[in-house]
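Summary of the model geometry
Given next are the chains, with one letter for each unit.
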Amino acid sequence: MISFEYPLTEKSRSYLRFESLFLQINQSISLNNDNDAITYFKSLFELIELSDRSDIRHDLIKDLRALSEEMQSWLSSDQADTEAIKALMVEISELISALLVMSKQLKFFKESRFLTSLKQRFFIPGGCCSFDLPQFHFWCAQPMELKRADTKNWYEYFQVLERALFLFLKIKRHQGIKSVQKANNGFFQGEVEHALFIILNVDPSLQVYPMVSGHKHRYSVRFMNADAENSQAEHIEFEQIFC
């Protein structure tokens with residue numbers, strides 16, 4: 001199955017964008033392949049830009065506190081794994097405390113002449129050539145131990161935020177409400193309450209992809225044929241998960 005996620009609020013849109021950048025950085029931070037350095041720096045600069053535009057800590061702290069209160073009510077259930085729930089609550093409490101003291105100011109970036117000089121030219125199409133960024137190519141020629149120490153050091157600022165966000169989204173996905181739906185003539189419309197995002201799981205053999213639009217109360221899905229331009233699919237069965 002191919003999974004497509006669609007945010008139903010601006011907050012969840014921000015969450016999923018941060019998560020996507022965190023995943024890109026985690027896949028490239030060890031610099032195992034020649035192009036990992038470019039992927040790492042592009043993702044890091046996008047993460048810095050996104051952090052400057054919006055501080056997600058406030059929303060994440062609020063959501064983690066609500067989640068912790070919800071877990072407290074789970075403890076009264078006879079079927080609850082109380083030890084696992086208590087361990088999660090302790091982890092959430094520690095993450096909230098760390099987020100509260102986390103500075104919004106990206107001092108590590110502003111104080112680094114190397115990073116600021118790279119960011120100015122890194123998003124120019126084809127702008128990573130040695131004649132555009134000689135300092136970047138000099139860094140790439142350094143010993144691997146030094147480069148890996150740098151990449152981990154620059155990313156250290158975001159690690160608390162990453163842990164908190166990954167834990168929250170993992171729990172929300174685990175709590176997702178699943179159902180099987182049918183899109184007649186490739187179209188489906190639904191209503192939703194108290195969900196941050198929806199997940200659509202589609203059989204890849206159907207050769208279709210969903211175009212989703214909507215907000216926190218209503219949404220619609222149009223399934224398009226992958227092998228035909230702007231061609232709407234026929235009757236499609238798919239799995240839907242509210243998270």
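A tally of regular secondary structure across the protein gives 9 helices and 7 strands. By principal-axis analysis of the C-alpha atoms, the protein measures approximately 55 × 55 × 30 Å. A total of 243 residues make up the protein; the buried ones form 40% of that total. In the protein, of all internal contacts separated by at least 6 residues, the share reaching a separation of at least 24 is 72%. When the 27 basic and 32 acidic side-chain charges of the protein are each reduced to a single mean position, those positions are 6 Å apart.

Turning our attention to the environment of Leu146. Inspection of the secondary structure assignment puts Leu146 in helix 8 (residues 144-155). Taking the C-alpha atoms as reference, Leu146 lies 22 Å from Leu47; in sequence the two are 99 residues apart.

The end-to-end C-alpha distance of helix 9 (residues 159-174) is 22 Å, a good match for the 22 Å that 16 residues give at a rise of 1.5 Å each. Among all positions of helix 9, only Leu161, Glu162, Ala164, Leu165, Leu167, Phe168, Leu169, Ile171 and Lys172 are buried. Elements in contact with the buried residues of helix 9: helix 1 (10-28), helix 3 (57-74), helix 4 (82-100), helix 8 and strand 4 (197-202).

Each regular strand shows side chains that alternate between the opposite faces of the sheet. In terms of burial, strand 4 is a largely internal element, 6 of the 6 residues being buried. Alternating positions in strand 4 separate into two faces, Phe197, Ile199 and Asn201 on one and Ile198, Leu200 and Val202 on the other, with burial throughout. As paired strands, strand 1 (residues 2-7) and strand 4 are joined by 6 bridges and run antiparallel to one another. Paired with Phe4 across the bridge in strand 4 is Leu200.

Across the sheet, 3 strands lie side by side as 3-6-5; this open sheet has antiparallel pairing. Looking at which strands have only one partner, the edges of the open sheet turn out to be strand 3 (187-191) and strand 5 (208-214). Averaged over all neighbouring strand pairs, the angle between strand axes comes to 20°, with direction disregarded. In this structure, strand 3 lies alongside strand 6 (residues 218-225), joined through 5 bridges in antiparallel fashion. Directly across from Phe187, in strand 6, lies its bridge partner Arg222.

Moving on to the pattern of salt bridges. Enumeration over the complete set of coordinates arrives at 8 salt bridges. The closest approach of N and O atoms between Glu49 and Arg53, which form a salt bridge, is 3.8 Å. You can see Glu49 and its partner Arg53 sitting in helix 2 (residues 36-53), 4 residues apart, about one turn around the helix. Between Arg218 and Glu191 there is a salt bridge whose closest N-O contact spans 2.7 Å. Of this pair, Arg218 sits in strand 6 while Glu191 sits in strand 3; the two residues are 27 residues apart in sequence, bridging distant segments of the chain. Its relative accessible area of 33% is what places Arg218 among the partly exposed residues. Taking the relative accessible area as the measure of exposure, Glu191 reaches 56% and is therefore exposed. Bridged by salt links that share partners, the residues Glu5, Glu19 and Arg173 form one connected network.

For the rest of this paragraph, the subject is the side chain of Ser43. Within the secondary structure, Ser43 is located in helix 2. A relative accessible area of 1% means that Ser43 is categorised as buried. Within polar-contact distance, the side chain of Ser43 engages the backbone oxygen of Thr39 at 2.9 Å. If we ignore the near neighbours within four places in the chain, the residues touching Ser43 are Leu21, Gln24 and Ile25.

Rules used throughout
Each chain carries its own residue numbering, running from 1 in the direction its sequence is written. Per-residue local features are limited, in this predicted model, to residues with pLDDT of at least 70; the limit for side-chain atom pairs, both in listing and counting, is 80 or more; totals at the level of whole chains, interfaces and linings are taken over all residues. Just so you know, side-chain values use all the structure's heavy atoms and leave hydrogens and water out. The helix count covers DSSP runs of H or I at least four residues long, the strand count covers runs of E at least two residues long, and both are numbered beginning at the N terminus. Here the term buried applies to any residue with accessible area under 20% of the maximum for its type, exposed to any over 50%, and partly exposed to those in between, with areas from a 1.4 Å probe on protein chains only. Note on contacts: a residue pair is in contact if any heavy atoms of the two residues lie within 4.5 Å. We count Lys and Arg on the positive side and Asp and Glu on the negative side, and we leave His and both chain ends out. To locate a charge, take atom NZ for lysine, CZ for arginine, CG for aspartate or CD for glutamate. Helix span, expected: 1.5 Å multiplied by one less than the number of residues in the helix. A pair of strands counts as paired when DSSP detects no fewer than two bridges linking them. To get an axis, fit a line to the C-alpha atoms, keeping to the stretch in contact for a helix; angles then go from 0 to 180 degrees between the N-to-C directions. A carboxyl oxygen of Asp or Glu within 4 Å of a side-chain nitrogen of Lys or Arg is what we treat as a salt bridge. Polar contact is the term for a pair of N or O atoms within 3.5 Å; when the atoms are in protein, one must be able to donate a hydrogen and the other to accept it, and sequence-neighboring residues count only if both atoms are side-chain atoms.

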